Structure formats: structure tokens, C-alpha cells
Amino acid sequence: MGCGVFGAVNFNEQPIFSYIYWGLRSQNHRGHQSHGFLTYDESKFSVHKSLDLVPKIESNITQEWLKRLPGNIGIGNVRYTTSGKCDSKSIIQGTQPVLVSIGGIELALSFNGNIVNTVQLSKEITQHFPNFTWTCDSDLIANKLLIELIRSKDLKTAVKSVITSLDGAFSAVGITGTGDFFAFKDPHGIKPLCGGHSPDGSTFAFSSETVGLDINGFVRDFELEPGEFVTVSKKGFNRQQLIQSPKKAFCAFEFTYFARPDSRFNGKYVYEVREAFGRNLVKEFPEVVKDADIILSVPETGDDPAMGVHEESGLRWERANRRHRYVTERAFILLNNERYSTIDRKVNILGSKVEGKRLIVTDDSIVRGDTTKIIIDKLRKYGAKKVHMFITFPRITGPCFYGIDMATYGQLIGARHNDEEIAKLIGADSVCYQSIENLVKSTGCPRDELCLACITGEYPTPLAQKTADEIKAKVFQGYTESTRIYETDNAPHASQPRVSN
Ligand code: SF4
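Residues numbered from 1 in each chain as written. Predicted model: local features only at pLDDT ≥ 70, side-chain atom pairs only at ≥ 80, totals over all residues. Heavy atoms only, no water.

In the vicinity of the ligand, the residues found are Ile-190, Cys-251, Ala-252, Phe-253, Cys-400, Tyr-402, Ile-404, Met-406, Cys-451, Ala-453 and Cys-454. Class assignment of the residues belonging to the shell around the ligand gives a composition of eleven nonpolar, no polar and no charged. (Near = heavy atom within 4 Å. Nonpolar A, V, L, I, M, F, W, Y, C, P; charged D, E, K, R; others polar.)

Given below as C-alpha cells:
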């Protein structure tokens, strides 16, 4: 599932809730379908979960929330669904953090990512807990961790066992029933998770993105390494490399779409990387630049590359594509039935600025093509003469199994059509994708340390690769996927752990 994670502990016994609150508010772009807070105080967990964005809490009722969520340790989560059902009841049931317990052993967990070997895992958990049911991947991870904790009575051993038996992406923070605060990451490090501390050294936190630390005035200390397990004490972080990464594979899509531009990965602001993407596109498509009068950007992930296109080409960046400020949903992460009407309503065009003009329009990606088509139709309606799309993420040709909601070949316009066909289908004069080489170069990460699976077909985890290959072959023989691939019985399920210790 696409999620934002935040967790913190204060060693001066101060309430932690407000830190969790701000950590999640700053990361609401990572998931707006639901949110959850969980705190730990004197061996008791307190939980609040709800649908929708993190609520605006009036300052005069903050005290009430502090009473409702007492304690100096807490974790939270903002979520959008990439596994399980998408109706409101299921979404609230799947809201994190999850709290699991058996025989007096308790455990709370909040995670970002997606598990691929869900069927195998749920069968294994059912053998231990016959009444086990699950609504989201975090139920699976938390129960698997609980089983391992009961078995080994040692958190580090239990986490190691979990890390080696899951296939997928998982960056997790948790609290045990005895008040241990911890975090861990999958062996490929697909999703982000960083650690930081307050300037007075009293509070330590984990956050999906650095903006969660920034908003609390914390200093960023490190990005968790793939396969790393971290605990926190008064002395600070205790980092332990539980398994060596077989291959680092940080999600390249974080740079183009998912993360906030003011977050930092690999020592760079995402904004700087996106600007470089724009400059790259100008160099890659000089003939298209000659055929344009002005630049427009699709708000907001098209704005940063537009600056790069402007700087490199000298063309004017016209802010003629405006967002209705309080229509806040991210179109990509909406449920299907909400998508069309919201996209149409969220962007407004300044007609006189585009009439008779040849446009370059910057955007982060084309997934289904519906968003882009609606925007191009609108631009044409207002008299745009030409529309060239500059897309920073290369053509998406395969599904994501790791937490971005593009999980079937059928929904991906790029899986079935080439660039020219896509341009025709969405009504553009041309569709210009950034090359994979330039994308990689601008991130500053070595190519073999990025996940590029949805654009190259090379998946970092074995079960995902096997599933993708088998379903792709079927799809191109006419098979229609009815749901997300990894949730169907057509998906092959690994019977063995995929990473050796
Ligand atoms: S498959 Fe694509 S979206 Fe998914 S983790 Fe890899 S790069 Fe990111």
C-alpha cells in the first residue's frame, strides 16, 4: 500500500502525540484515504483511526487529543490502498497502525510498501492462528512478527525472520508490548524511511520522508539501509544490519511523483532532481522545443520539471493551468469511480493564455492516460494549437508490486501502446518521455541501486518477477486481469523464503 509512516519516542516522558500528528500531516500526500495514530503509555496502547485526511485539530481541543492518546512513544500512518478491497468499510478496517496480540504478547506496527507473497503468508499464519483474517498487508507482517516473537522471545531474531520471509517492499516502525520502539526495512530498501532527532536530544523519530522530520524541527540523521533493524534508547539509535542486501532497489517513482519536492533522498532535494528532469527533456527533444511557444505544467508534480524546461529552453513558463486550491485529492490515488469527475474539476485553464499557442506541457507520468487526456481536451477547448507532453518518468510498461497503485497490465496505457499510439489516444501532438539513462543520472543513484521495474520489466524480488512474467505472457494471449495481479490465484506463490540469511 502507498503510505506515509511516522514514529517517535521522547525520553523526557513528554507526550508524543503532537510530533506524530505533525509528522503525518506533512506526509498526507502519501495517502489520504485514511489515517491512524497509536501511542504507548504504561504498557497500554491507545489508538485513533479514521477515514480521510489527517484532521485539522483546533488548538483548544488539542488537550483532549493528548488525553485520548497519552504516552511518550507513538506511531502513525496515512494510507491509500494498493491491496485488499477499496470500499469505505474495508479501508477503515485496513487503516494502520495495526495492533495484534496473543497470550499476553502485544505488538503495534505501521508500514509503507506492499507484500507480494500474501497468499503463502496468510496460509502460514492461519496454521498458528486458525481464526486469522486479514484486510491489509500490515495484518500479515504484524502477525508474522508476533509468531516469530513468540517463537524466539527476541525482537531482533523475530524481525530477521520476518525480513527473510517476505517478498515485497516494507519500511516499518513498531512498538512492542514492553515498550520497545523499533524500525526495519526490506532487503532491497524499496520504500524510504529515515531517522532523526530533536536538537535537545530528547526525542528520536522515524519518518517516510524528511519533511516529517523538518516539520517537527528535527535533524535528519540517516536513511535506513536495506535489511537494517534499528532500535532506540536514551543514548540514541542502535543500528544493526540484519542481512546484507542482495540488491538495493530504491523506488525511482519517488523522485518523479510520490515524494514531496522539499524532501531529500540521497543528499538531494527531490525538487532539484525534478528540475534536472526538465532540463534533460529539452536536450532530448530539441525539435519539439522548436515547435513550442510556451510551457505549461500539470500542477503540482509538473511544476518542478517545468522550471528546468524553462531554464534550459528559454521558453516562457506560463502558469495558465491552475488548480482549484481546495480540491485536494491526488487524482492518481483516487478510487476509480472518483477519478474522472475529480480530475475534470481540479484543474482550471486560463483560456486567453493558451489560445492559438503551441504548448509544451510537463507532467510526471502517464499511467492510465485518463488524467492527461482530460487536461489535453481542456487545453484544446480553450484553443491550444499544439500540445506536446513532456513526461519525466519513462513509459510505464509493467505493474508495480511494491505499493504504487498500478498493479495490472490492463490499466497501463504504456503496456499496450507505443509513444505515437499513446499521443493519438490522449489527443497530444507528441508524447516525449525522459530516457531511463537521464532519469537515473539526475537522481544521483547508481542504476543498479534503483527499482525501475515498471519501466524495464526487471523486478528486484523473485516472486514479483515470476508473477509479472507469467501474467504478461497470459495478457498478451488475451487474458484479462480481474484485479491486482498479486491478489489473484493466478499469481504464483513462493513456498520458500527468497533471501538467505
Ligand atoms: S515498480 Fe516502479 S513504482 Fe513500483 S517500486 Fe519499482 S520503480 Fe517504484
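On we go.
Now for the packing of helix α5 (residues 137-152) against helix α6 (residues 155-165). Packed helix pairs are characterised by how far apart their axes lie and by the angle those axes make with each other. Contact geometry of α5 with α6 gives a least axis separation of 8 Å together with a crossing angle of 135°. In terms of orientation, α5 and α6 fall into the oblique class. Between α5 and α6 the crossing geometry is right-handed. Between α5, through Ile-141, Lys-144, Leu-145, Glu-148, Leu-149 and Ser-152, and α6, the contact on the second element is made entirely by Leu-155, Thr-157, Ala-158, Val-159, Ser-161, Val-162 and Ser-165. Tallied by class, residues from the contact of α5 with α6 come to seven nonpolar, four polar and two charged. (Axes fitted to C-alpha atoms, helices over the stretch in contact; angles between N-to-C directions. Helix = DSSP H or I, 4+ residues; strand = E, 2+ residues; numbered from the N terminus. Parallel < 35°, antiparallel > 145°, perpendicular 65-115°, else oblique. Left-handed = near helix turned anticlockwise from the far one by under 90°. Contact = heavy atoms within 4.5 Å.)

Scanning the entire structure with this criterion turns up 26 salt bridges. The residue Glu-148 makes a salt bridge to Arg-151 at a minimum N-O spacing of 2.8 Å. With a gap of three residues between them, Glu-148 and Arg-151 both fall in helix α5, about one helical turn apart. The partner of Arg-395 in a salt bridge is Asp-419, with the nearest N and O atoms 3.0 Å apart. With Arg-395 in the loop between β22 (386-391) and α15 (413-416) and Asp-419 in helix α16 (residues 419-426), this pair connects stretches of sequence that are 24 residues apart. Arg-395 gets classed as partly exposed once you look at its relative accessible area, which sits at 25%. Given a relative accessible area of 27%, Asp-419 falls into the partly exposed group. (Salt bridge = Lys/Arg side-chain N within 4 Å of Asp/Glu carboxyl O. Buried < 20%, exposed > 50% of the residue type's maximum accessible area, 1.4 Å probe, protein only.)

Turning next to the sheet that holds strand β5 (residues 98-102). In space, the six strands of this open sheet follow the order β5-β6-β7-β8-β12-β13, with antiparallel pairing throughout. The two strands at the open ends of the sheet, each matched to only one other strand, are β5 and β13 (236-241). Sheet twist, expressed as the average angle between the axes of neighbouring strands with direction ignored, equals 20°. Across six bridges, the pairing between strand β12 (residues 228-233) and β13 is antiparallel. Along β13, the bridge assignment pairs Phe-229 with Gln-240. Across the sheet, α6 lies against β7 (168-176), β8 (181-185), β12 and β13, angled at about 25° from β8, the strand it touches most. (Pairing = 2+ DSSP bridges.)

Attention now moves to helix α14 (residues 370-381). In this model α14 runs 16 Å from its N-terminal to its C-terminal C-alpha over twelve residues, within 8% of the 16 Å that 1.5 Å per residue would give. The complete set of buried residues in α14 reads Asp-370, Thr-372, Ile-374, Ile-375, Ile-376, Lys-378 and Leu-379. Positioned one or two residues after α14, Gly-383 has a phi angle of 95°, which is positive. (Expected span 1.5 Å × (residues − 1).)

Ranked by size, the top nonpolar core spans 44 residues in total, and within it Phe-255, Phe-393, Ile-396, Tyr-402, Met-406, Leu-452 and Tyr-459 carry the most contacts. Contributions of two or more residues to this core are made by β14 (250-251), α8 (253-258), α9 (270-284), α17 (436-443), β24 (450-451), α18 (453-456) and α19 (462-475). Per-element tally for this core: the top contributor is α19, with five residues. Apart from residues lying up to four places away in sequence, Phe-255 is in contact with Phe-250, Phe-265, Val-270, Val-273, Arg-274, Phe-277, Thr-443, Cys-445 and Leu-450. Judged by nonpolar contacts, the second largest core, of 30 residues, contains Ile-141, Val-159, Ala-172 and Phe-182. (Core = buried A, V, L, I, M, F, W, Y, C linked by side-chain atoms within 4.5 Å.)

This model, assessed by the stated rule, comprises 25 aromatic pairs. Ring centres of Tyr-21 and Trp-22 lie 5.0 Å apart, and the angle between their planes is 80°; this geometry places the pair in the edge-to-face category. The class of Tyr-21 is buried, set by a relative accessible area of 5%. On the basis of an interplanar angle of 85° and a centroid distance of 5.8 Å, the ring pair of Phe-37 and Trp-65 is categorised as edge-to-face. (Phe/Tyr/Trp six-rings, centres within 6.5 Å; stacked < 30°, edge-to-face > 60°.)

To continue, consider the side chain of Thr-372. Following the sequence through the fold, Thr-372 ends up in helix α14. Non-local contacts of Thr-372, meaning those with residues more than four positions away in its chain, are made with Ile-366, Met-389 and Ile-426.

The next thing to look at is the pairing of β5. With five bridges connecting them, β5 and strand β6 (residues 105-115) associate as antiparallel partners. Bridged to Val-100 within β6 is Leu-107. Between the antiparallel neighbours β5 and β6 lie two residues, among them Gly-103 with a positive phi of about 55°.

Residues of helix α11 (residues 303-313) that are buried include every one of Asp-303, Asp-304, Pro-305, Ala-306, Gly-308 and Val-309, and no others. Downstream of α11 by a residue or two, Gly-314 has a phi angle that is positive, lying close to 80°.

Next up on the list: the packing of α9 against α17. Remark: α9 packs on α17, axes separated minimally by 9 Å, with the N-to-C direction vectors making an angle of 150°. Considering how the two elements wind past one another, α9 and α17 form a crossing that is right-handed. Residue-level contacts link Val-273, Ala-276, Phe-277, Asn-280 and Glu-284 of α9 to Asn-438, Leu-439, Ser-442 and Thr-443 of α17. Among the residues making up the contact of α9 with α17, the classes are represented as four nonpolar, four polar and one charged.

Mapped onto the secondary structure, Asn-321 falls in strand β19 (residues 321-323). When its relative accessible area of 7% is taken as the criterion, Asn-321 is described as buried. In this structure Asn-321 touches Leu-296, Ser-297, Val-298, Pro-299, Val-347, Asn-348, Ile-349 and Ile-375, once residues within four positions along its chain are discounted.

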